[in-house]
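These are the residues of each chain, in order.
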Amino acid sequence: MKTIQDCLDHYAASVLNQNSHQFMSLYDDSVHIFDSWNVWEIKSKSEWRKIIENWFNGLKNDSSTLKVTFNDTSIFENSDIAFIHTSIRFSEFNTLNTEFRHVTNRFKFGLKRINDEWRIVHEHSSLPIDSEQGMGLFNLK
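If you're wondering where the values come from, they're calculated on a predicted model, not measured in any experiment. (Residues numbered from 1 in each chain as written. Predicted model: local features only at pLDDT ≥ 70, side-chain atom pairs only at ≥ 80, totals over all residues. Heavy atoms only, no water.)

K.L.:
Help me out: how do you make sense of unusual backbone geometry in this one?
P.N.:
Peptide bonds are mostly trans, and most non-glycine residues show a negative phi. A positive phi is found at S63, a non-glycine position, where the angle reads about 55°. In this structure, S63 sits in the loop between α3 (45-61) and β3 (65-77). Of the residues examined, S63 reaches a relative accessible area of 42% and is grouped as partly exposed. (Helix = DSSP H or I, 4+ residues; strand = E, 2+ residues; numbered from the N terminus. Buried < 20%, exposed > 50% of the residue type's maximum accessible area, 1.4 Å probe, protein only.)

What follows is the structure in structure tokens.
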């Protein structure tokens, strides 16, 4: 990806197409991810690939389509390092193209220019936490 916007467009298209190979091309081999589902952290692209393949296979098994919308996106970049913070709405559609569920989550991406291409080296997703229940608060936005 030559520009940061290319990365965001590629992310959305990869999810829509449920193409794990295309999706994983966004990430550097040494990627470090915080707050992914059910694990504390992920420290390698191979670990991340397994989770993404399971995610996309689950969507295919359910005959669902997932569309990504970026909102409130800010991009900070220099020649070799970039930082994105955004909220991402994941909207799931059935075979009749009817949205039947969605979730919005906050994301931060750290990118590094490697061989003239941007690659994600760090990703962090988050939700506000209910102080009494200790649970993530989904769909506040």
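K.L.:
I keep staring at the pairing of strand β6 (residues 117-126) and nothing clicks. Help me out?
P.N.:
Two faces make up the sheet, and in a regular strand the side chains alternate between them. With four bridges joining them, strand β1 (residues 27-34) and β6 adopt parallel strand pairing. Across the sheet, the residue bridging to H32 is H122, located in β6. In textbook terms, the turn of a hairpin is the stretch between consecutive antiparallel strands, and for strand β5 (residues 99-114) and β6 this stretch comprises two residues, one of which, N115, has a positive phi near 50°. (Pairing = 2+ DSSP bridges.)

K.L.:
Help me out: how do you make sense of the pattern of salt bridges in this one?
P.N.:
Once the charged atoms of two side chains with opposite charge are near each other, the side chains can pair. A complete count under the given rule lists seven salt bridges for this structure. For the salt bridge of K45 with D29, the shortest nitrogen-to-oxygen distance reads 3.9 Å. Taken together, the residues K45 in helix α3 and D29 in strand β1 connect sequence positions 16 residues apart. We classify D29 as exposed; its relative accessible area is 59%. Close ionic contact of K43 with E41 constitutes a salt bridge, the shortest N to O distance being 3.7 Å. Bridged by salt links that share partners, the residues K2, R113, D116 and E117 form one connected network. (Salt bridge = Lys/Arg side-chain N within 4 Å of Asp/Glu carboxyl O.)

K.L.:
When you look at the pairing of β3 in this model, what are you seeing that I'm missing?
P.N.:
Of the pairings in the sheet, the one linking β3 to strand β4 (residues 81-93) comprises eleven bridges and is antiparallel in character. Bridge pairing in β4 links S74 to H85. The loop that links β3 with its antiparallel partner β4 comprises three residues.

Coordinates in, geometry out; function isn't part of it.
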